Amino acid sequence: MLHDKACLKGCAFSNGELGVTVTHIIVFGNEKGGSGKSTTCMHVGTALMRLGFRVGAVDLDLRQRSFGRYLENRTAYSRRTGIDLPIAQTYELPQIDPASLAEGENLSDRRLSGLMEQMEGACDFILIDCPGSHTRLAQLAHAMADTLVTPLNDSFVDFDLLGRSDPDTGKILGPSIYSEMVWNARQLRANAGVKPTDWVVVRNRLGSQYMLNKKKIGSALDALSTRIGFRVAAGFSERVVFRELFTNGLTLLDLKDAGVNQLSISNIAARQEVRDLLISLKLPGVTPNF
């Protein structure tokens, strides 16, 4: 079990009390796949780069690598077309000789903390995309998060990972498995004497029309947020454009660079969603001007 400051060695933590500006770590986590983590991560990262920040990218989903593939597609598109796009610097977990580990030291802990040491000072923001499952790497990344972003499809299937509710009354019965993992990560962070994580649950794939289910999800999230300590923000609506952008590694902020001079009403609305999300995250020093 992770339990002390040594487990967080190398993490570029913020220290507001000392007035020191250091690398800010944003973790995108949800133990359920298909919630839009990689899409949200890519748009936030691109927005930060377009605002002049240095962004480092880490994909901890070592099997599916959706975020990593997104970045690879972006690099390939830029080379193929000659269009100069801002691209986050991708970092890979270092290879560690198991024989070099101290007694009781975990290999995953050493790999991730070593990577954070490597990135510190080279990035203003580090974006970490976690897998849609519980892993040791994801657990440690959550403890390192200055800001934790949890994209959530607007359904009770996804809500069930955060909290349990009574199907008849809607009353919140308690936190569920993912919330418990976040709580454990927060405890590790507190034990290390580090500033608490700002946890933001982002409602993705919101329907454009008013629906009873949408209202119920909103009420449930509001009730749970006060109980376990997260903020709720609006994310991205269900739009075909998000799926189409992936193959070229583009975001809604790149369309004009890609030659789309006349944005559709849908694209303009989606671009505003990106801006609103960035405002909601309240990242240090970030003022969206796009």
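What counts, and where the lines are drawn
- Residues numbered from 1 in each chain as written.
- Predicted model: local features only at pLDDT ≥ 70, side-chain atom pairs only at ≥ 80, totals over all residues.
- Heavy atoms only, no water.
- Helix = DSSP H or I, 4+ residues; strand = E, 2+ residues; numbered from the N terminus.
- Rg over C-alpha atoms; globule rule 2.2 N^0.38 Å.
- Areas by Shrake-Rupley, 256 points an atom, 1.4 Å probe, with all protein chains shown as cover.
- Lys, Arg positive; Asp, Glu negative; His and termini not counted.
- Charge placed at Lys NZ, Arg CZ, Asp CG, Glu CD.
- Axes fitted to C-alpha atoms, helices over the stretch in contact; angles between N-to-C directions.
- Parallel < 35°, antiparallel > 145°, perpendicular 65-115°, else oblique.
- Left-handed = near helix turned anticlockwise from the far one by under 90°.
- Contact = heavy atoms within 4.5 Å.
- Nonpolar A, V, L, I, M, F, W, Y, C, P; charged D, E, K, R; others polar.
- pLDDT = per-residue confidence, 0-100.

**Student:** Before we move on, could you go through the overall build of the protein chain and cite the residues and values that matter?
**Tutor:** Broken down by element type, the protein chain carries nine helices and nine strands. In terms of overall dimensions, the protein chain is globule-like: its C-alpha atoms have a radius of gyration of 19 Å, near the 19 Å expected for 290 residues. Oriented by its inertia axes, the alpha-carbon framework of the protein chain measures out at about 60 × 55 × 40 Å. Carbon and sulfur atoms make up 50% of the accessible area of the protein chain, which totals about 13900 Å². The averaged location of the 31 negative side-chain charges in the protein chain is 5 Å from the averaged location of its 33 positive side-chain charges.

**Student:** Report on the packing of helix α3 (residues 107-119) against helix α4 (residues 136-144), specifying residues and quantitative values.
**Tutor:** Here α3 crosses α4 at 40°, and the two axes come no closer than 9 Å. One finds that α3 runs oblique with respect to α4. Here the hand of the crossing between α3 and α4 comes out right-handed. Of α4, the residues touching α3 (which contributes Ser108, Asp109, Leu112, Ser113 and Met116) are Arg136, Leu137, Leu140, Ala141 and Met144. Split into classes, the residues belonging to the contact of α3 with α4 amount to six nonpolar, two polar and two charged.

**Student:** Can you tell me about the confidence of the model for the protein chain, naming the residues and giving the values?
**Tutor:** Considering every residue of the protein chain, the mean pLDDT works out to 86; 90% of them sit at 70 or more. Note on residues 1-7: pLDDT under 50 across the span, and 14 contacts to partners over four residues away in sequence or across chains. Confidence drops under pLDDT 50 across residues 9-21; counting only partners more than four residues distant or on other chains, this segment forms 29 contacts.

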